[in-house]
Every structure is written in structure tokens, then in C-alpha cells.
Amino acid sequence: MILDGKKTSLKILEKVKEKVNKLEKKPHLVVVLVGDNPASKIYVRNKQKAAIQVGINSTVIEMEEHTTEEELLSKIEELNNNSDVTGILVQLPLPEHIDKNKIVTAISPKKDVDGFTPENVGRLAIGLEPYFYPATPQGIIMLLDEYNIPIQGADTVVIGRSNIVGKPMAQMLLKRNATVTICHSYTTDIEDKIKTADIVISAVGKKIVRCKMVKKNSVVVDVGIFKDENGQLTGDVDFDFVSSSAAYISPVPGGVGPMTIASLMLNASKVYQ
Ligand code: NAP
């Protein structure tokens, strides 16, 4: 069975829209884009489109590639102090001369719709409710819940340990009482680990989950999205082979991607002030 992220995301966006409609003061999301990265421009455009769709006010602030760290920090401070702004998102990656961690840390945790600030990450890690959960893992949990896939007690394997997907994904699975194994580029026996997992979540950006690797009737979530040698968009999972063993599998595109956007809009609809 396909974990249909497109269909599920539309349901979530509809609920967010209803919620936003009832709010007296509309949320206002500000997206800061530094430089000319073409992929980032597309992501920002998609986020803005989704915000309009659900009635969230959104502004994109475009800053030049040569913007200094100080200028960006000062822009964030201005946005933190602006009570009209309820959400701040700095589109990553940033130009190399800017320290990403310094920038993320400067965002007010109560406006950090990406859930990347140390306070939100720390709150999740110590079992407190963060103000915002990172969008992709939150979207994946919502997708699993939509299909009533049991998480509690499940043996789960997360492949990838990035700050935006792998690590928060593992934390969110732990929070739901799953047993979690995290794999990365130094893991020596990934195949053995995948073979015994009830749920496999792959966030690598390379074709890594192949053929008969997965357990019969397991659940496979493909976060990866990249272009193959023919320029076609693809994911980490060899869909045709793996889908013959798995009970549930998310496609690329149409799986985690739209769930991430819906999840981000859910975050952007939250107002703390
Ligand atoms: P990332 O920061 O590059 O992290 C990739 C992770 O994969 C790292 O932890 C790396 O291990 C691990 N890895 C690399 N080669 C491996 C191997 N051979 N075996 C096992 N692990 C390996 O990437 P990311 O930002 O998490 O994104 C991962 C993928 O998801 C990308 O394709 C990205 O485009 C996609 N993505 C999609 C969405 C969406 O909404 N659909 C959102 C975010 C990301 P080390 O830590 O040891 O280097």
C-alpha cells in the first residue's frame, strides 16, 4: 500500500486553513533567502504558495549572496522583535561565509517554525514539548498516523543523522515509544539492521534501500530526493523491488515532500506571543 503524502497533505492543509480562518489575527511567516541558490528559490516559492493556500500571511526577504553574518543576524533580531511576525524561517543552505549554527541559534524559539533552534531541539531531547517540531519528521509521523501504523514498540531504523531529518526523526520515534536504531555512513551492517526493522526511514540522498533488504510486511518511508544519472527525480529506496516485500511504502515524489510542506504550514499557523 502506498503512503500517499499528496492526499494526506491536502487533508492537513485543509485543517490548517480552517484553523487559520478562525484566528482573529493571521499568522505572519517571514522567509529569509540569502543568495541565488536555484533549488532554494523553488523551495521558498513552494512554501509561499502553501502559505497563501491556507491563509497565512507570508513575506520573503531576499538578501544578496555577499550579505555578511552581522547583517543577517541584525535582520533576525529585527524580525524577533517585530510583534507582527509570528514565524521566521531562514532557508538553508546559507552561503559558506555565514555560520549556519550562529544564525539558527539567533532565531527566537517561539518563532522558529523549522524547530531547529537549540531550545526546540533540546526540549524535544529532554521530553518537553518543543514550540515547533522539525517539519519533515513531524510530517512523517503524521503520515504514519494517517495509515494507523503502530509506532509504539516498533523496531525502527532511521538511516541518516542530519540535524534536519535523521536526529529529530529518531527523537520523535523515541517519544512515541519506538525502539530506534540510527544508521549513518560509518555503520557497517546496515543491511542486517534493515532486515529486522518494522519501520525503515531512509534520509540519505543515495539509492541505499535495495531489493530484498526489507522485512516482509514492513513499512518503508523514503525521505531522499535527488536526481539519478538520467536526471530523473528519485529517492533512496528501490521502489519496484522493495514494494514487493513491504506492506507500506512512500513514493518519491508524492510521499514525504508534500507532507513536509503541510507540516511546515501547521507550524506556521501556531502563534506564540
Ligand atoms: P544530509 O545532511 O546530507 O545527511 C545525509 C545522511 O546520510 C548523513 O547522516 C550521512 O551520514 C548519511 N549517509 C551518507 N551516505 C550513507 C551511506 N552510504 N550509508 C548510510 N548513511 C549514509 O542530508 P539530509 O538533509 O538529511 O537529507 C537527506 C535526503 O533527504 C536528501 O536527499 C534530501 O534532499 C532529502 N530531504 C527531503 C526532504 C523532503 O521533504 N522530502 C526534506 C529534507 C531532506 P554521516 O552523518 O556519517 O555523513
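Please read all numbers here as calculations on a predicted model, not as lab measurements.

Peer 1: I'd love a proper account of the overall build of the chain, names of residues and values included.
Peer 2: Broken down by element type, the chain carries 10 helices and 10 strands. Its C-alpha atoms give the chain principal-axis dimensions of about 50 × 40 × 40 Å. Burial statistics for the chain: of 273 residues in total, 48% are counted as buried. A separation of at least 24 residues holds for 69% of the contacts in the chain among residues at least 6 apart in sequence. For the chain, the computed accessible surface area is about 13500 Å², with 52% contributed by carbon and sulfur atoms. For the chain, the distance from the average site of its 33 positive side-chain charges to the average site of its 33 negative ones is 6 Å.

Peer 1: How would you sum up empty space enclosed by the protein? Please name residues and give values.
Peer 2: Which parts of space are left empty comes out when a probe the size of a water molecule is rolled across the atoms. Scanning the model with the defined rule gives 1 cavity of 30 Å³ or more in all. Roughly 30 Å³ of internal volume is contained in the largest cavity. What lines the largest cavity is simply Ile88, Leu89, Val90, Val104, Ile107, Asp112, Asp114 and Phe116. Take the lining of the largest cavity: its biggest share by element is 3 residues, from strand β3 (residues 87-90). Tallied by class, residues from the lining of the largest cavity come to 6 nonpolar, no polar and 2 charged.

Peer 1: So what's going on with the environment of Asp145? Residues and values would help.
Peer 2: The residue Asp145 is located in helix α6 (residues 135-146) in this model. On a C-alpha basis, the gap between Asp145 and Ile56 in space is 25 Å, while along the polypeptide they are 89 residues apart. Dropping the residues within four chain positions of it, Asp145 is found in contact with Ile151 and Arg176.

Peer 1: Before we move on, could you go through the side chain of Gln91 and cite the residues and values that matter?
Peer 2: Inspection of the secondary structure assignment puts Gln91 in the loop between β3 and α4 (100-106). Polar side-chain contacts of Gln91 include one of 2.7 Å to the side chain of Lys47. If we skip the residues at most four places from it in the chain, Gln91 touches Val32, Leu33, Ser40, Tyr43, Val44 and Lys47.

Peer 1: Tell me about the packing of α6 against helix α7 (residues 166-175), and name the residues and values.
Peer 2: Contact pair α6 / α7: the axes reach a minimum separation of 8 Å and the direction vectors enclose 40°. The orientation of α6 with respect to α7, classified from their angle, is oblique. In this structure, α6 meets α7 at a crossing whose hand is right-handed. Counting all contacts with α6, which are made through Pro137, Gln138, Ile140 and Ile141, the residues of α7 involved are Pro168, Met169, Met172 and Leu173. Of the residues belonging to the contact of α6 with α7, the class tally is 7 nonpolar, 1 polar and no charged.

Peer 1: Can you lay out the site of the ligand for me, pointing to particular residues and giving the numbers?
Peer 2: If you check the shell around the ligand, you find 22 residues, and the closest are Arg161, Ser162, Ser185, Lys206 and Thr260. Side-chain polar atom of Lys206 to a nitrogen atom of the ligand: 3.0 Å apart, as the coordinates give it. In this structure, Thr260 approaches the ligand through a side-chain N or O atom, which is 2.8 Å from an oxygen atom. When isolated, the ligand has an accessible area of 930 Å², and the protein chains bury 70% of it. Broken down by element, the shell around the ligand gets its largest block of residues, 3 residues, from helix α10 (residues 256-268).

Peer 1: Give me α10: which residues, what numbers.
Peer 2: If you check α10, its first and last C-alpha atoms are 18 Å apart, about what 13 residues at 1.5 Å a residue would give, namely 18 Å. Among the residues of α10, Val256, Met259, Ile261, Ala262, Ser263, Leu264, Met265, Asn267 and Ala268 are the ones counted as buried. If you follow the buried residues of α10, they end up packed against α1 (5-22), β1 (28-34), α2 (38-54), β3, α6 and β7 (219-222).

Peer 1: Explain unusual backbone geometry to me, using residue names and the numbers behind them.
Peer 2: For the bond running from Leu92 to Pro93, omega is 5°, close enough to zero to count as cis. Secondary-structure assignment places Pro93 in the loop between β3 and α4. Along the chain, Val252 connects to Pro253 via a cis peptide bond; the corresponding omega equals -5°. As for its placement among the helices and strands, Pro253 is situated in the loop between β10 (248-249) and α10.

Peer 1: Quick one: what's the story with the pattern of salt bridges, residue by residue and with numbers?
Peer 2: For the structure on display, the rule yields 10 salt bridges. Between Asp189 and Lys193 there is a salt bridge, with the nearest N and O atoms lying 2.5 Å from each other. Take Asp189: its relative accessible area is 29%, and that puts it in the partly exposed class. When its relative accessible area of 25% is taken as the criterion, Lys193 is described as partly exposed.

Analysis parameters
- Position labels on residues start from 1 in each chain and follow its written sequence.
- Side-chain atom pairs in this predicted model are given and counted only at pLDDT of 80 or more, local residue features only at pLDDT of at least 70, and totals for whole chains, interfaces and linings cover all residues.
- Hydrogens are left out, water is left out, and the side-chain values use all remaining heavy atoms of the structure.
- Here a strand is any run of E in DSSP of at least two residues, a helix any run of H or I of at least four, and the numbering for each starts at the N terminus.
- Burial here depends on accessible area, computed with a 1.4 Å probe over protein chains only, as a share of the maximum for the residue type. Under 20% is buried, over 50% is exposed, and the range in between is partly exposed.
- The contact criterion used throughout is that any non-hydrogen atoms of two residues lie within 4.5 Å.
- Computed by Shrake-Rupley with a 1.4 Å probe, the accessible areas treat only the displayed protein chains as cover when residues are assessed.
- Only four residue types enter the charge count, namely Lys and Arg as positive and Asp and Glu as negative; His and the chain termini do not.
- Where a charge lies is defined by one atom per residue type, namely NZ (Lys), CZ (Arg), CG (Asp) and CD (Glu).
- Of the grid points, spaced at 1 Å and generated over the protein atoms alone, those admitting a 1.4 Å probe that cannot get out make up cavities, while open sets with protein on both sides within 12 Å along at least five of seven lines make up pockets; any residue with an atom within 4 Å of a point is treated as lining.
- Grid points are joined across faces, edges and corners, and a volume is the space filled by probe spheres set on the points.
- Lys, Arg, Asp and Glu make up the charged group, whereas Ala, Val, Leu, Ile, Met, Phe, Trp, Tyr, Cys and Pro make up the nonpolar group; the residues left over, Gly among them, are polar.
- A 3.5 Å cut-off defines polar contacts: any pair of N or O atoms within that distance qualifies, except that in protein one atom must be a possible hydrogen donor and the other a possible acceptor, and neighbouring residues in sequence count only when both atoms are side-chain atoms.
- What counts as an axis is a line fitted to C-alpha atoms, over the stretch in contact for a helix, and the angles between N-to-C directions run from 0 to 180 degrees.
- Throughout this description, any angle smaller than 35 degrees is read as roughly parallel, any larger than 145 degrees as roughly antiparallel, any in the 65 to 115 degree range as roughly perpendicular, and the remainder as oblique.
- Handedness of a helix crossing follows the sense of rotation of the near helix relative to the far helix, less than a right angle counterclockwise being left-handed and clockwise being right-handed.
- Here, proximity means that at least one heavy atom of the residue falls within 4 Å of the molecule or strand.
- The span you would expect from a helix comes to 1.5 Å times its residue count less one.
- Each salt bridge in this description consists of a side-chain nitrogen of Lys or Arg and a carboxyl oxygen of Asp or Glu lying within 4 Å of one another.

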